[in-house]
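The residues making up each chain are set out below.
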Amino acid sequence: MSFKWMNRKNVLFALLIGILLASMFLPSVGCGEKETTTSPAGDGTDFPLHDPMVRFKIATTTSLYDTGLWYHLEPIFEELANVEMDIVYAGTGIALEYGRRGDVDAIIVHDKAREDVFLADGYGINRRNFAYNFFLIAGPENDPAGITGLSAADSFKKLYEEGMKGNVKFVSRGDESGTHAKEKLIWGEAGYDYEEIRNSGDWYVEAGKGMGPTLLMANEMGAYVLADISTFLAYNLKSGLDIVSLVEKDPIFLNVYAAIAINPEMHSGAKIDIANQFINWLISDEVQEIIEAYGKAEYGRSLFFPIAGCDIPGCPPVEAYTEPVPDYKP
Amino acid sequence: MGELWDGFLKALELIYTFDPEVMQIAGRSLSIGLTSIVIGSVICIPLAGLIHFNQFWGKRFLVSLIQTFYSIPTVVVGLFVFVMLSNVGPLGGLGLLFSPAAIVVGQVLLITPILLGLVISAFRGVDQTILDTARSMGASGWQVAVLVIKEARFGVMAAVIMGFGRAISEVGISLMVGGNIRGVTRVITTAISLESSKGDIELALALGMILIFISLVVNIIMNRIQQK
C-alpha cells in the first residue's frame, strides 16, 4: 500500500515538474507566438524573430489605445528598431507616475501643465508633440441642459445648474488623466472651484475609468461627458452610442499628444537610445502620414491630426515637432 | 439573455477555430496559474506540516492570522508587489515588473494563506488513533509525517484546487504588475476587463467561458490524480 502510494506520488511529482519546466518556457513561447501571428495592420506579413530580445516599454494614454492606433503602429516600430514593444495602457496621471519610477522607457501623454512639471523635475527629456485632435462634450440627443451651440465654459455652467436641479448628470473620468485635467481646466474657465463641483451632488459622477469605459458609462446613464473626439468616434462606430456630440470647436478643446523619453540620469535602466529613435520615428513623415490616414476609411475622417497642421492658439511651437531629438551623450 | 447566448456561441467558435490570439492568452493564463500553484504548493505544503507538527508559542494566533489573509483583496497584493518590484522599489533591480514572472510572484503571495490554512486543516482532520498506532508500532517522525500527508491527501488536493482557482481567476495582480501587455502579460481575466471596457461584451463573455472551461479540465485532471 505504502509502496503504491509512493509510486503515485512520484507520478504526481513528475507531472508537476513537467508543468513547471513547461511554464519556464512561458516568456519565450509568448513572444515567439506573438511574432508569428499575422500583423494587426492586416498586411498579412509575419513578423521576423527578434534576436536578441530587447524589451522597450511605453505607457500610453488610453485614447491612443482605445482607438486601435497602437495596434497599428506597434508592429512597424518593432520591425524597424528590432525590439519587442511592451505597451502599458495608462491614463496620463499613472503614465507620469510610471515614468517617475522608471518603470517604462517612454511615455505618451496629453496634459501640457503636468508634462512641464515632469520635465522640470528632470524625470523626462526630449518631449516632442506628434499628434493633436479636439475634445467634445457629448450628451443625450434631446439635450435636456440645452448646451448645443454654447462655448465649453458656458456649457459647463449650464450642466452645473441643471445638474443641481437634478435634471442632468455628468460623468467625469475622475482618474487624473489628460482628459480629466482638461475637464478641471474648463471648470476653472467657467468660474468654478473644481473641489466644490466634485462634491456638489449626485449629478456629478466620477467613473475612475479610461476614456472608452467612461463613454460607455455616460451612454448607459444618458449623461453628459467630456471626451476626445477619436475615442468618441471609435466607440460610436463600434458600440452605437445613443449620446451625440453637442459642443465642439472651442479653442480650449485642443488636445495635443506628446512623447517623452525617461531621463537615464534619473533611472539608469531607461533605454534612452530606443526611446529617442521612437520619438524621432513618431515625428517622421512616415508616421505622420499614417496618423493622418488612420481611421479615414472607417470613420470618413481622421481620428488624429499630424501635428504640423496645428495652427490655432495653444498649439505647440514648430520646433516641438520638427526638430529631431539629438543622440544621448552621458 | 441574447447577449449571453451570443457569448457562448462566440466562445465555442473561438475554441473550435483555435483563434491564435485567444489560444495564446488562454495558454498564458493556464501556465501562469499552474506555475503559481506549483511553486505555492512546494513552499506551503511542507510549511503547513512544520506548523502543524510543531508546538510553539503563538501557534493559534499564527493560524488565525493565516486565515485572516484568505480574504486579502487581489488589488492589495497587486499594489504591494508593484511597490516591491517597481524600478525604485526594493526589488526593482530584478527588472520583473510588467512580466509574467511578476504575476507569478503576486499569485504565489495571494494563494499562500489559502494553501497554508487549508492544508493545516486537512492535517488536523487526520484521525489521531492512526498516528498513535503508527508510533506505537515504531514509526519514525518522518514516517508519521508521510502517513499524515497520505491520509490527508483529499484535503490537500482540495487546497491545491482552491488555490489554483484563486490564482487563475484573479485580475487585480495581473493588471497592476503585469500591465496587461498584449502578447506578454495579457491573461484571460485582464483581456476580459479590457474587452468589456472596449465595449466588446460578446468577446469578453466568450473569454470568461473559456476560463471556466480551462478550470473544468484542470479540475478533472486533478481529481483523476487524487482518486487513483
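Here is what the cut-offs are and how they apply
- Residues numbered from 1 in each chain as written.
- Chains lettered and ligands numbered in written order.
- Predicted model: local features only at pLDDT ≥ 70, side-chain atom pairs only at ≥ 80, totals over all residues.
- Heavy atoms only, no water.
- Helix = DSSP H or I, 4+ residues; strand = E, 2+ residues; numbered from the N terminus.
- Buried < 20%, exposed > 50% of the residue type's maximum accessible area, 1.4 Å probe, protein only.
- Contact = heavy atoms within 4.5 Å.
- Lys, Arg positive; Asp, Glu negative; His and termini not counted.
- Charge placed at Lys NZ, Arg CZ, Asp CG, Glu CD.
- Core = buried A, V, L, I, M, F, W, Y, C linked by side-chain atoms within 4.5 Å.
- Patch = residues over 30% accessible without salt bridge, like charges linked within 9 Å, V, L, I, M, F, W, Y side chains within 5 Å.
- Areas by Shrake-Rupley, 256 points an atom, 1.4 Å probe, with all protein chains shown as cover.
- Salt bridge = Lys/Arg side-chain N within 4 Å of Asp/Glu carboxyl O.
- Polar contact = N/O pair within 3.5 Å; in protein donor to acceptor, adjacent residues only side chain to side chain.
- 1 Å grid on protein atoms, 1.4 Å probe; cavity = no way out; pocket = protein on both sides within 12 Å on 5 of 7 lines; lining within 4 Å.
- Points joined across faces, edges and corners; volume = space filled by probe spheres on them.
- Nonpolar A, V, L, I, M, F, W, Y, C, P; charged D, E, K, R; others polar.
- Domains from an automatic or database assignment.
- Axes fitted to C-alpha atoms, helices over the stretch in contact; angles between N-to-C directions.
- Parallel < 35°, antiparallel > 145°, perpendicular 65-115°, else oblique.
- Left-handed = near helix turned anticlockwise from the far one by under 90°.
- pLDDT = per-residue confidence, 0-100.

J.: Can you explain the overall build of chain B? Please cite residues and give values.
T.: A count of helical and extended segments in chain B gives 11 helices and zero strands. The secondary structure elements of chain B, listed N-terminal to C-terminal, are α-α-α-α-α-α-α-α-α-α-α. Expressed along its principal axes, the backbone C-alpha trace of chain B runs to roughly 65 × 45 × 25 Å. Within chain B, buried positions represent 49% of all 228 residues. A separation of at least 24 residues holds for 75% of the contacts in chain B among residues at least 6 apart in sequence. Taking the average place of the 14 positive charges on the side chains of chain B and the average place of its 12 negative ones, the gap between the two points comes to 14 Å.

J.: Any chance you could break down the nonpolar core for me, citing the residues and the numbers?
T.: Across soluble globular proteins, nonpolar side chains have a tendency to be buried as a group. Phe56(A), Trp70(A), Phe130(A) and Phe278(A) are the most contacted members of the largest nonpolar core, which totals 64 residues. The element best represented in this core is helix H12 (residues 272–282) of chain A, accounting for seven residues. With sequence-adjacent residues up to four places away left out, Phe56(A) is seen in contact with Phe77(A), Val83(A), Glu84(A), Met85(A), Asp86(A), Asp105(A), Ala106(A), Lys271(A), Ile274(A), Ala275(A) and Phe278(A). Of all hydrophobic cores here, the second largest spans 44 residues; its members include Ala48(B), Ile111(B), Ala122(B) and Ile210(B).

J.: Tell me about a nonpolar patch on the surface, and name the residues and values.
T.: Judged by side-chain polarity, Phe213(B), Leu216(B), Val217(B), Ile220(B) and Ile221(B) come together as a nonpolar surface patch covering roughly 440 Å² of accessible area. Along the chain, Ile220(B) turns up in helix H11 (residues 201–227).

J.: Can you lay out the side chain of His110(A) for me, pointing to particular residues and giving the numbers?
T.: Residue and element names in this part refer to chain A. Among the structural elements, His110 can be located in the loop between strand E3 (106–109) and helix H6 (112–120). A polar side-chain atom of His110 sits 3.2 Å from a polar atom in the side chain of Thr61. A polar contact is formed between the side chain of His110 and the side chain of Asn255, at a distance of 2.7 Å.

J.: Could you give an account of the environment of Lys59(B), naming the residues involved and the relevant values?
T.: Residues and elements named next belong to chain B. Its location among the elements puts Lys59 in helix H3 (residues 59–68). On the basis of relative accessible area, Lys59 is assigned to the buried category, the value being 15%. Excluding anything up to four places from it in sequence, Lys59 contacts Ile51, His52 and Asn54. From its side chain, Lys59 meets the backbone oxygen of Asn54 in a polar contact 3.1 Å long.

J.: Talk me through empty space enclosed by the protein; I want residue IDs and the actual numbers.
T.: Which parts of space are left empty comes out when a probe the size of a water molecule is rolled across the atoms. Going through the model one piece at a time under the given rule, you end up with three cavities of 30 Å³ or more. For the largest cavity, the full set of lining residues is Tyr65(A), Trp70(A), Tyr71(A), Glu74(A), Ile87(A), Ile181(B) and Arg182(B). No other element matches the three residues that helix H4 (residues 69–81) of chain A contributes to the lining of the largest cavity. In the lining of the largest cavity, the residues fall into five nonpolar, no polar and two charged.

J.: Report on the layout of surface pockets, specifying residues and quantitative values.
T.: Space inside the second largest pocket adds up to approximately 920 Å³. If you trace the second largest pocket, you find 33 residues lining it, with Tyr89(A), Lys209(A), Gly210(A), Leu175(B) and Ser193(B) closest to the centre. Elements with a minimum of two residues in the lining of the second largest pocket: strand E2 (84–89), helix H5 (92–101) and helix H10 (211–221) of chain A together with helix H4 (74–85), helix H9 (172–178) and helix H10 (188–197) of chain B. Of the residues contributing to the lining of the second largest pocket, the split by class is 15 nonpolar, 14 polar and four charged. Each of two domains, domain 2 (32–133 + 254–322) and domain 3 (135–253) of chain A, supplies a minimum of three residues to the lining of the second largest pocket.

J.: Describe the packing of H4(B) against helix H5 (residues 100–124) of chain B, with residues and values.
T.: Residue and element names in this part refer to chain B. Closest axis-to-axis distance for the H4/H5 pair is 10 Å, and the angle between their directions is 130°. Here H4 lies oblique to H5, going by the angle between them. Where H4 crosses over H5, the handedness of that crossing is right-handed. For the pair formed by H4 and H5, the contact residues are Thr74, Val77, Phe80, Val81 and Leu85 on the first element and Ala102, Val105, Gly106, Leu109 and Leu110 on the second. When grouped by side-chain class, the residues that make up the contact of H4 with H5 number eight nonpolar, two polar and no charged.

J.: Break down the pattern of salt bridges for me, with residues and values.
T.: Residue and element names in this part refer to chain A. Using the criterion set out here, one finds 16 salt bridges over all chains in the structure. Close ionic contact of Asp116 with Arg127 constitutes a salt bridge, the shortest N to O distance being 2.8 Å. Taken together, the residues span a long stretch of sequence, with Asp116 in helix H6 and Arg127 in strand E4 (residues 124–139) at a distance of 11 residues. Ionic pairing is found between Lys157 and Asp154, a salt bridge with its closest N-O pair at 3.7 Å. Within this pair, Lys157 and its partner Asp154 are both found in helix H7 (residues 152–164), separated by three residues, close to a single helical turn. Judged by its relative accessible area of 35%, Asp154 falls in the partly exposed class.

J.: Describe the confidence of the model for chain A, listing the residues and the values that go with them.
T.: Confidence in the prediction of chain A, expressed as mean pLDDT, is 85, and 84% of residues score 70 or more. Across residues 23–51 of chain A, where pLDDT falls below 50, the model places 51 contacts with residues more than four positions away in sequence or in other chains.

J.: I'd like to hear about the confidence of the model for chain B, residue by residue, with values.
T.: All names here are of chain B. With 99% of its residues at a pLDDT of at least 70, chain B reaches an overall mean of 90. Confidence, read as mean pLDDT per element, is least for helix H1 (residues 2–16) in chain B (82) and greatest for H5 (96). Scored as a complex, the prediction yields pTM 0.81 and ipTM 0.80.

J.: I'd like a rundown of the side chain of Lys57(A), residues and numbers included.
T.: Within the fold, Lys57(A) resides in strand E1 (residues 55–60). Buried within the structure, Lys57(A) lacks any salt-bridge partner; Asp86(A) is the closest side chain of opposite charge, at an N-O distance of 5.1 Å. Discounting residues that sit within four places of it in the chain, Lys57(A) has contacts with Asp86(A), Asp103(A), Val104(A), Asp105(A), Ala106(A), Leu97(B) and Phe98(B).

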